[in-house]
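Okay, here's what each chain looks like letter by letter:
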Amino acid sequence: MIASDVGDPARYVELMQWYGGEAALLDDRRFDAWLELLDDEVDYRVPARWNRTPDRPDDFATWNVPADLDDDDAHLPLLQLDRAGLADFVGRLRTGTAWAETPPSRTTRVVGPLVIVASSDTGASGDAEVTVRSALLMHRSRVEWEDATLHAARHDTLRRHRGAWRLRRRLVILDSVVLPSHNLSVPL
Amino acid sequence: MNVHQHLVDPLDLVSPDGARVDQRVFCDTDLYERELDTVFRRCWLLLGHESQLPEPGSFVRTSMGEDPVLLTRDRDGRLHAHLNICRHRGTELCRVDRGSATTFECSYHGWIYRNDGRLVGVPGRKTLYYDELDTSDWGLAPVAELDTYKGLIFATFDPDAPPLVDYLGNAAWYLDIILDRRAGGTELLGVQKWRIPTNWKVVSENHCGDEYHVGFAHRSNFAELADPAHSVPMAREIRPEVGHGFGVFLFPEGTRLEHTVGPESPPALRAYLGEIHDEVVERLGPERARMGLVHGCVFPNFGLVPVFNSLRICQPRGVGEVEMWSFALVDRDAPAEVKRVLRATALKTFGPAGSFEQDDGGNWSDVTRMSRSARRHRVPLNLTMGLGHEAAAPGDRGEIGLTASDINQRGFYRRWRDEVTR
Ligand code: FES
Ligand SMILES: [Fe+2]
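Residues numbered from 1 in each chain as written. Chains lettered and ligands numbered in written order. Predicted model: local features only at pLDDT ≥ 70, side-chain atom pairs only at ≥ 80, totals over all residues. Heavy atoms only, no water.

The annotation that UniProt attaches to chain B under Sequence similarities (unreviewed entry) is "Belongs to the bacterial ring-hydroxylating dioxygenase alpha subunit family." (UniProt positions renumbered as here; feature names shortened; annotations may be inferred.)

### Details of the overall build of chain B
The helix and strand inventory of chain B stands at 12 helices and 21 strands. Taking 22 Å as the expected radius of gyration for a compact globule of 422 residues, we find that chain B reaches 23 Å, a close match to that expectation. Expressed along its principal axes, the backbone C-alpha trace of chain B runs to roughly 80 × 65 × 40 Å. Expressed as a percentage of the 422 residues in chain B, the buried residues total 58%. (Helix = DSSP H or I, 4+ residues; strand = E, 2+ residues; numbered from the N terminus. Rg over C-alpha atoms; globule rule 2.2 N^0.38 Å. Buried < 20%, exposed > 50% of the residue type's maximum accessible area, 1.4 Å probe, protein only.)

### Description of the domain arrangement of chain B
Residues and elements named next belong to chain B. Each assigned domain of chain B is listed here: domain 1 (45–147) and domain 2 (170–421). On a C-alpha basis, the centroid separation for the pair domain 1 and domain 2 is 34 Å. On the side of domain 2, 17 residues touch domain 1, which itself brings 12 residues to the contact. Both faces considered, domain 1 and domain 2 share a buried interface measuring about 1100 Å² in area, 56% of it formed by carbon and sulfur atoms. Three residues, Leu-46, His-49 and Glu-66, lead the burial of domain 1 against domain 2; their summed loss comes to 44% of the area buried on that side. Run the count over domain 1 and domain 2 and you get zero salt bridges. (Domains from an automatic or database assignment. Contact = heavy atoms within 4.5 Å. Buried area = accessible area lost by both parts, 1.4 Å probe. Salt bridge = Lys/Arg side-chain N within 4 Å of Asp/Glu carboxyl O.)

### Concerning the side chain of Ser51(B)
Residue and element names in this part refer to chain B. When you line up the elements, Ser-51 lands in the loop between strand E2 (45–49) and strand E3 (58–64). Looking at Ser-51, its side chain comes within polar contact range of the side chain of His-49, at 2.9 Å. A distance of 3.0 Å separates a polar atom in the side chain of Ser-51 from the backbone nitrogen of Leu-188. Apart from the residues lying within four places of it in its own chain, the contact partners of Ser-51 are Glu-187, Leu-188 and Arg-332. (Polar contact = N/O pair within 3.5 Å; in protein donor to acceptor, adjacent residues only side chain to side chain.)

### What to know about the packing of helix H6 (residues 200–209) of chain B against helix H12 (residues 407–421) of chain B
Residue and element names in this part refer to chain B. Where H6 meets H12, the closest approach of the two axes is 8 Å, and the angle between their N-to-C directions is 135°. Put simply, H6 runs oblique to H12. Remark: the crossing between H6 and H12 carries right-handed chirality. Packed against H6, whose contacting residues are Trp-200, Lys-201, Ser-204, Glu-205, Cys-208 and Gly-209, the element H12 presents Asn-408, Gln-409, Phe-412, Tyr-413 and Trp-416 at the interface. For the contact of H6 with H12, the residue count by class is five nonpolar, four polar and two charged. (Axes fitted to C-alpha atoms, helices over the stretch in contact; angles between N-to-C directions. Parallel < 35°, antiparallel > 145°, perpendicular 65-115°, else oblique. Left-handed = near helix turned anticlockwise from the far one by under 90°. Nonpolar A, V, L, I, M, F, W, Y, C, P; charged D, E, K, R; others polar.)

Right, here's the structure in full:
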């Protein structure tokens, strides 16, 4: 269900700026600054997808997210990290011997229209929580032999505390069942 | 003009001892077609694990080489593997990766097959085929043989293939270290799939024997070591049979299982290993109970990194591309918390985003990309490490290299040379 209005337009603009800024930090490989955007309890996942049919032919609710995600203990996501794991993930890239990113990939992330799926204000302090869906296109060029574009939907939860939005949860839902890239060495 | 003048002879590409390999093995398209007809048609190939098909009706869509295969469990619990290709006009029968089904209906003209492969439904069989179609002739095309080894499901298209246990040979004794250490056996979690622009042999030779690259290619994982190339403990290489290979850590005699993992590993894991120690020693015997399997390959494309609980199939997709399928292998009877620890270890290290695996993909792609030059410039590659220093493995279970050695890669290419020319 799509909320018919974005709520406070100023907040919507604020979130657009946040998403644009986040993409720029990742493209510019300013990973320390990016880590600052994460809540201490961030839950970051990129599940694997699989080919399935809906439980009922007309039931695209079960066809769609999350039923066709390998997102339980019996399966393996492509990435499942907490804050420490994400810090390790991007920290490794700085060792000089993370050959997958030496030389670094060049990336461009395009984050599509934001849809505020839910929002709540949790007090007079200005603290708030929003659930945002967006589309992500990430083009990645590696040396000159791989140019891959990954397409995904992001389902995020952001929290605002002391005036700053931080990412509390991110589910990146790729279109591809087989990741069309030789690895996944940068965050989505 | 001799039409064969461009065909390369595999006997010219790999020296008889396997120590010199011409890079054309990675890029020659005729040779690749020949591999599909020989290696991938005759060898026993890993299809999956019984835990992926828990009950009658379970199915998994998989492949053997480039051939699409539907793996099913019929109502009597028997496993079957058939080409996933409709016998009528040849479209893909099942496009769902896994699930449960009694029958499969083709999306083109509606032929229906039972999960044992039999054709059981043909629209218009009486009216359009005049009741003359003998459906027993038109079931799905089965593999020649299907067999399991301690949970793993293998099949071959070759009716003259040796039995699976003979094909595995001494490799089975080593595989037991991970497959048979507990009475309840194992289960497979997964799968992650991704595409690497590389020839499949580049991946398999790495799995079967490349201890050498660990300290360098994966150095970022050992950042705290001053001189990683020399500080990372090297496994010894074991060649149970020519073509198969494992890297093995040998812990001191009497080492308890909980001491084979670092003190930084989660307490739940160490407690679990402590609990199962006696069971493992009893089942495997003291000799194997102190062996840790590090990496391995069962010819041609079943790869293992048991030290991180990773099991993989490298599916060829053309001469210069593979689909990597990566799973985690865990003890079936381990508590849920321990399974999560084992799964997390596999995730952190292997798979497309794993801290080890990320760096392999680029190297493997490069090896294949560079090989195109070798079509003109015949510069052989070096697989000489430890040549002449092989020793017999204890108990006559193959041969060993006492430290990092190319013994297994030499075996891999010798086997490959035999398979594509026999
Ligand atoms: S191709 Fe399957 S029914 Fe015709
Ligand atoms: Fe590696």
